[in-house]
Amino acid sequence: MRKKIKEIRSNEQLVGEAVTLKGWVRTVRHQKAFSFIEVNDGSTLSNMQVIADLSLRPQEITTGASIAVAGVVSKSPGAKQSVEIQAKEIEVIGACDPETYPLQKKRHSFEFLRTQAHLRPRTNTLGAIARVRNTLAFASHEFFQTRGFLHLHTPIITLSDCEGAGQLFQVSTLDPANRASDKRGLVDYSEDFFGKEAYLTVSGQLNAESYACALSDVYTFGPTFRAENSHTSRHLAEFWMIEPEMAFADIFDDMDLAESYLKTIFESVLKSCSEDLELFDRFVCKGVIERLQAIVEKPFLRLTYTEAVEQLQKSGKIFEFPLAWGCDLQSEHERYLTEELHNQPVIVYDYPAKIKSFYMRANDDGKTVAAMDVLVPGVGEIIGGSQREERLDILEAKMDAWDLDKQHYWWYLELRKFGSVPHAGFGAGFERLVQFVTGMENIRDISAFPRYPGHADF
Ligand code: 4AD
Ligand code: MG
């Protein structure tokens, strides 16, 4: 029966047993009487060393080929591994031409590997990212499920811009070369598939609010899309977001939830992915394990926006974008705060109303809203959330002031009309979480097939 490398390595009872191993060849080294074949099947970072004598014709096996090895698990004399396989039979399932196989034994740059996104999961680092990502996803579900949150699937096609930032991808089946116009000469969307302008969602929040206002605690975990022309190492056009929403909760409950969520999922990765994390710690970002351990153990720092601005101004640091109360914090400010001033996660809350979204709850000072961002070293903003405005009159007045079409949000407003409750939630950018945990420099290496301006290959 086929056994995966992870099991063979962890189950001592298998020593002396016959097993079948299937995977892809990483390297082959030939000696006089036998060859060493390193096989990887993705179940773990480590390869399995296979010893094949010449009768099995190991000379014909090349890097990249997929093979099945039937053999006996034995204790390895080598220092690198505890067990190895003494092969009895080797079958080449899929041959691989060593001349044209793009993944040579040398180390490739991440930029090059992005052009080989279909093969790069066969490299150590990209395989490790996939396993860490998987663990974080599982731990996220576990975190919310054990706290009684209901998992919800919110729509991907939507008619409303949740963040109001206008960074929407349009969804249309109209023929661009032959579109009907309305009286004003604008495109007539009544002819379109949904009879209206439709978009890919930027966030599942508005729909999640509707369910929280019936089922108390819910979360959605899905793909979100932003047509922002950002060419940074932290922005994607398509990314995944985890969005919990709690009824009968305020901004402080929201911060508490965000903090315990991050600590819990980081703890899970420390426990389940130690081998992969060691790879990141050694080759990608020194100290990344210690950083995670420190975060799990220590309370996050919480600062109001006003306090954060004061600290940044007092620091004497010259920023590219000078800072004044009322300005949005730029990435350089966020990173200075969390990396230089505090070297730990910082939750900034009570932001100026003008720089945040329309749905955030107005504070009594008349200037700020109950919004919070969780900032972490290396990445900056990893979570954005808020208490939602539950008071119908205040929300309507704000939408008027912001020139938003109330008709369009009629159902959202009705949630405030019929049994409204204080409620709060947040969105955690999933790729940013994985980026933080692994210490990877660029978010384009976190998404398996990244989409960003000019790039939607594979
Ligand atoms: O701060 P954002 O825009 O918040 C919302 O969308 C809220 N509706 C969430 C909520 O309260 N339910 O986005 C949330 C998080 C950010 O903190 C960031 O981690 C991530 O999503 N994010 C991105 N990640 C990758 N690429 C992008 N272009 C991102 N934009 C936001
Ligand atoms: Mg944000």
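Overview of the structure. Predicted, not measured: the structure shown is a model, and the values here were computed from it. (Residues numbered from 1 in each chain as written. Chains lettered and ligands numbered in written order. Predicted model: local features only at pLDDT ≥ 70, side-chain atom pairs only at ≥ 80, totals over all residues. Heavy atoms only, no water.)

Some thoughts on the site of ligand 1
At step 1: Not every one of the 25 residues close to ligand 1 is listed here, only the nearest: E163, Q205, R226, E243 and E381.
At step 2: A distance of 2.7 Å is found between a nitrogen atom of ligand 1 and a side-chain nitrogen or oxygen belonging to E243.
At step 3: Between ligand 1 and G384, the relevant distance is 3.3 Å, taken from an oxygen atom to a main-chain nitrogen or oxygen of the residue.
At step 4: Isolated, ligand 1 exposes 630 Å² of accessible area, and the fraction of that covered by the protein chains is 93%.
At step 5: Comparing atom positions with the cavity grids shows ligand 1 to sit within the second largest pocket.
At step 6: Secondary-structure elements contributing two or more residues to the shell around ligand 1 are β11 (238–247), β15 (380–388) and β16 (423–429). (Near = heavy atom within 4 Å. Polar contact = N/O pair within 3.5 Å; in protein donor to acceptor, adjacent residues only side chain to side chain. Areas by Shrake-Rupley, 256 points an atom, 1.4 Å probe, with all protein chains shown as cover. 1 Å grid on protein atoms, 1.4 Å probe; cavity = no way out; pocket = protein on both sides within 12 Å on 5 of 7 lines; lining within 4 Å. Sits in = over half its atoms within 2 Å of the grid points. Helix = DSSP H or I, 4+ residues; strand = E, 2+ residues; numbered from the N terminus.)

Observations concerning helix α4 (residues 205–215)
At step 1: The set of residues buried in α4 consists of Q205, L206, A208, E209 and A212. All buried residues of α4 lie within an arc of 150 degrees about the axis, which places them on one face of the element.
At step 2: Buried residues in α4 make contact with β6 (150–152), β10 (217–225), β11, β15, α11 (410–417) and β16.
At step 3: Immediately downstream of α4, the backbone of S216 shows phi near 75 degrees, a positive value. (Buried < 20%, exposed > 50% of the residue type's maximum accessible area, 1.4 Å probe, protein only. Arc of directions from axis to C-beta. Contact = heavy atoms within 4.5 Å.)

Re the packing of helix α5 (residues 251–272) against helix α7 (residues 288–297)
At step 1: With their axes 9 Å apart at the nearest point, α5 and α7 run at an angle of 140 degrees to one another. One way to sum up the angle between α5 and α7 is to call them oblique. In the packing of α5 onto α7, the handedness of the crossing is left-handed. Of the residues in α7, those touching α5 at K263, F266, E267 and L270 are I289, L292, Q293, I295 and V296.
At step 2: Grouping the constituent residues of the contact of α5 with α7 by class yields 6 nonpolar, 1 polar and 2 charged. (Axes fitted to C-alpha atoms, helices over the stretch in contact; angles between N-to-C directions. Parallel < 35°, antiparallel > 145°, perpendicular 65-115°, else oblique. Left-handed = near helix turned anticlockwise from the far one by under 90°. Nonpolar A, V, L, I, M, F, W, Y, C, P; charged D, E, K, R; others polar.)

Looking at the packing of helix α3 (residues 124–146) against helix α12 (residues 430–438)
At step 1: Axis separation between α3 and α12 bottoms out at 10 Å; the angle between their running directions is 120 degrees. Considered as vectors, α3 and α12 are oriented oblique to each other. Here the hand of the crossing between α3 and α12 comes out right-handed. In this structure, α3 uses I129, V132, R133, L136, A137 and S140 to contact α12, whose residues at the interface are F430, E431, L433, V434, V437 and T438.
At step 2: A class-by-class count of the residues in the contact of α3 with α12 yields 8 nonpolar, 2 polar and 2 charged.

Looking at the layout of surface pockets
One simple way to see leftover space: roll a probe sized like a water molecule over the atoms.
At step 1: Its boundaries defined by the atoms lining it, the largest pocket holds a volume of some 1500 Å³.
At step 2: Around the largest pocket, the lining comprises 43 residues; the ones closest to its centre are R26, L45, N47, T123 and N124.
At step 3: For the lining of the largest pocket, the class distribution of residues is 11 nonpolar, 17 polar and 15 charged.
At step 4: Looking at the second largest pocket, its volume works out to about 1200 Å³.
At step 5: In terms of lining, the second largest pocket is formed by 50 residues, of which the most central are E163, R226, K356, D373 and E381.
At step 6: At the level of elements, β11, α9 (331–341), β14 (368–376), β15, β16 and α12 are the ones that each hand at least two residues to the lining of the second largest pocket.
At step 7: The greatest single-element share of the lining of the second largest pocket, amounting to 7 residues, is contributed by β15. (Points joined across faces, edges and corners; volume = space filled by probe spheres on them.)

Honestly, that's just the spatial picture; any functional story needs more than this.
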